[in-house]
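Chain by chain, the residues:
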Amino acid sequence: MSRLLPWHASQWRELLQRKVANRLPHALLCSGPAGLGKRLFVEYFAQALLCTAPAQEGSPCGVCRNCRLFLAGNHPDYFKVEPSEEGKPIKVDQVRELVAFLGYTSQLGGYKIALLTPAERMNLNAANSLLKTLEEPPGDSLLVLLSTTPARLPATIRSRCQQLRFQLPPFETALAWLQPRVSGDPALLLGLSGGAPLQAQAYADPAWLAHRQTLFETYCAVVAGQADPVRAAEVWSKPDAAANLRCLIGWQMDMIRLKMMRDPPRLLNPDLRAALHRLAGRWPLPLLFQRLDAFIRLHALCVTQVNRPLLLEALLGDCADGQADLDPRG
Ligand SMILES: [Zn+2]
């Protein structure tokens, strides 16, 4: 059975046509929002490329020696580079290993395929050490870079890769896929994930929903002056500050919608409609936009490195009311 996700059909066709015409690029940059399954797509395509008996539509057979090795995570002609730990950069030594791998002769006589993800986590030295391979790629090799923020890659890297873009599927397509896979409200989960189906599936975890509730309660307490922002920032830094900030960005966007329209048809957080409406009533629209900008900028920073002081600064800044006549000694 095909493991191809329904919203990846056009990208699959594009790569397959190139393969059939012997025009596969040596370096491919797959970009698009998180939670779409880009990595699953790339792994499936890599398996198909190594498979010795692919089906007519290009799917891997799943039973040949190459497929079995690939599925067991042991294929000698497939190499993967990712940060050693969540939030850490991809280092130059890791990229050098990848470059060496692509330079060797293929073990099983087919393609050599390397995946590097997330590509924007490469530090400058790592990116530089990849340039020569991108300029003079070894034969029968494919290097795939995955990125949610390709603009953060050096232009020298971007310009040497063929780009393959992934987009959010139509809401109905995502809903139809998600419905049989979750026990919660699929439309709510899709809203929370910004329409990214795999992210929505992950959000169906009751532990995550409880965590989001804690974040919301902490946020409301800070707004009302009932919580210490430093303590609140501790809560907000764990376990993944960037993911937490995406919640905050979603609430902020909903507040703006609720401020601009009497009854907006679709919110990212329909379950919090009443509470967000009350919050939106506390502030003027320009301030809501200003904060949205600040949260988005902070999120961009957190994607590459979790920077607790900045997170603290943003949350504390959010509480400042501009009145200077405050004496901390009483
Ligand atoms: Zn196979």
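Analysis parameters
Residues numbered from 1 in each chain as written. Predicted model: local features only at pLDDT ≥ 70, side-chain atom pairs only at ≥ 80, totals over all residues. Helix = DSSP H or I, 4+ residues; strand = E, 2+ residues; numbered from the N terminus. Expected span 1.5 Å × (residues − 1). Buried ≥ 20, exposed ≤ 12 C-beta atoms within 10 Å, placed from the backbone. Contact = placed C-beta atoms within 7 Å. pLDDT = per-residue confidence, 0-100. Core = buried A, V, L, I, M, F, W, Y, C linked by C-beta atoms within 7 Å. Axes fitted to C-alpha atoms, helices over the stretch in contact; angles between N-to-C directions. Parallel < 35°, antiparallel > 145°, perpendicular 65-115°, else oblique. Nonpolar A, V, L, I, M, F, W, Y, C, P; charged D, E, K, R; others polar. Domains from an automatic or database assignment.

With that out of the way, let us pick up helix α2 (residues 38-50). The first and last C-alpha atoms of α2 sit 19 Å apart over 13 residues, in line with the 18 Å expected at 1.5 Å per residue. Among the residues of α2, Lys 38, Phe 41, Val 42, Tyr 44, Phe 45, Ala 46, Gln 47, Ala 48, Leu 49 and Leu 50 are the ones counted as buried. Taken together, the buried residues of α2 touch α1 (9-20), β1 (27-31), α3 (65-71), β2 (78-81), β3 (112-116) and β4 (141-147).

In low-pLDDT segments, the atomic positions of the prediction should not be examined closely. Looking at the chain as a whole, its pLDDT mean stands at 88, while 91% of the residues score no less than 70. The model gives residues 322-330 a pLDDT under 50, and that stretch makes zero contacts with residues more than four places away or in other chains.

This part covers the nonpolar core. Nonpolar side chains tend to gather and get buried jointly when the protein is soluble and globular. In terms of nonpolar packing, the biggest core is built from 54 residues, with Ala 114, Leu 116 and Val 144 touching the most fellow members. Per-element accounting of this core gives the leading share, eight residues, to α2. When near neighbours in sequence (up to four residues on either side) are disregarded, Ala 114 contacts Phe 79, Val 81, Leu 98, Phe 101, Leu 102 and Leu 143. In terms of nonpolar packing, the next biggest core, distinct from the first, is built from 17 residues, Ala 241, Leu 245, Leu 258 and Leu 276 among them.

Glancing now at the packing of helix α12 (residues 241-260) against helix α13 (residues 273-280). Angle between the axes and distance between the axes: these two values describe a pair of packed helices. Following both chains from N to C, one finds α12 and α13 inclined at 75°, their axes separated by 9 Å at the closest point. By the criterion of interaxial angle, the relationship of α12 to α13 is roughly perpendicular. Contact with α12, carried on its side by Trp 251, Asp 254, Met 255, Leu 258 and Lys 259, involves Leu 276, His 277, Leu 279 and Ala 280 of α13 and no other residues of that element. Each residue belonging to the contact of α12 with α13 can be placed in one class, and the counts come to six nonpolar, one polar and two charged.

How big an interface is tends to be expressed through the accessible area that disappears when the partners come together. Domain boundaries assigned for the chain yield domain 1 (6-165) and domain 2 (205-319). The straight-line distance from the C-alpha centre of domain 1 to that of domain 2 is 36 Å.

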